[in-house]
Amino acid sequence: MFKNFKAAEVHAFADLVQYQEGQVVSKTFAQDKHHSLTLFAFEKGEEISTHASGGDALVIALDGVGEVTIDGKKFTLGAGESILMPSNVPHAVYAPERFKMFLVVSF
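Because the structure is a prediction, the values reported are computed rather than measured.

Engineer: Explain the UniProt feature "domain: Cupin type-2" (unreviewed entry) in the protein here, please?
Structural biologist: Per the UniProt record, the feature "domain: Cupin type-2" (unreviewed entry) sits at residues 39–102. Between the C-alpha atoms that bound residues 39–102 there is a distance of 4 Å. The span itself is 0% helix and 66% strand.

Engineer: Can you help me understand the nonpolar core in this one?
Structural biologist: Burial of nonpolar side chains together is a common tendency in soluble globular proteins. If you look at the biggest cluster of nonpolar residues, it comprises 17 residues, and the most contacted ones within it are Phe-42, Val-59, Val-68, Met-85, Phe-99, Met-101 and Leu-103. Counting residues per element, the ones that place at least two in this core are strand E2 (35–42), strand E4 (56–70), strand E6 (82–85) and strand E8 (99–106). When residues in this core are grouped by element, the largest group, 5 residues, is from E4. If near-sequence neighbours (up to four positions away) are discounted, Met-101 is found in contact with Thr-38, Leu-39, Phe-40, Phe-42, Val-59, Ile-60, Ala-61, Leu-62 and Val-93. With 10 residues, the next largest nonpolar core counts Leu-16, Phe-29, Leu-37 and Leu-39 among its residues.

Engineer: Would you mind going over the pattern of salt bridges with me for this structure?
Structural biologist: Once their charged atoms are close, side chains differing in charge can pair, the charge on each being opposite to the other. In the structure shown here, the tally under the stated rule is 2 salt bridges. Between Lys-74 and Glu-67 there is a salt bridge, with its nearest N and O atoms 3.8 Å apart. Among the residues examined, Lys-74 registers a relative accessible area of 59% and is labelled exposed.

Engineer: In this structure, what is going on with the environment of Pro-90? I would like to understand it.
Structural biologist: Along the chain, Pro-90 turns up in the loop between E6 and strand E7 (91–94). A sequence separation of 41 residues divides Pro-90 from Ser-49, and the C-alpha atoms of the two residues are 9.6 Å apart. Setting aside residues no more than four positions away along its own chain, Pro-90 makes contact with Thr-50, His-51, Ala-52, Thr-69, Ile-70 and Asp-71.

The rules behind each value
Residues numbered from 1 in each chain as written. Predicted model: local features only at pLDDT ≥ 70, side-chain atom pairs only at ≥ 80, totals over all residues. Heavy atoms only, no water. UniProt positions renumbered as here; feature names shortened; annotations may be inferred. Helix = DSSP H or I, 4+ residues; strand = E, 2+ residues; numbered from the N terminus. Core = buried A, V, L, I, M, F, W, Y, C linked by side-chain atoms within 4.5 Å. Buried < 20%, exposed > 50% of the residue type's maximum accessible area, 1.4 Å probe, protein only. Contact = heavy atoms within 4.5 Å. Salt bridge = Lys/Arg side-chain N within 4 Å of Asp/Glu carboxyl O.

Right, here's the structure in full:
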């Protein structure tokens, strides 16, 4: 079920995905009809544009600062903070500076 993650090893979780200039980099660890687990690294100024998801999406900020917009309202997250983006509600993520997050979606 899990991929891109070595078992029985200790990991510096945020280091499992690297920043790349001009890009949003993602690494998916698991995905099926019930859930999706993905680690993201946003270079400064990069974004995932407004969209809606069929599942509740939990953002856990790991590094830097990110802006999450949910139904037109902006929230700023720093490392260690989290926010839930409810299913079927428009949302977006923008990185005013480099930003890493773990996204857990439950369908």
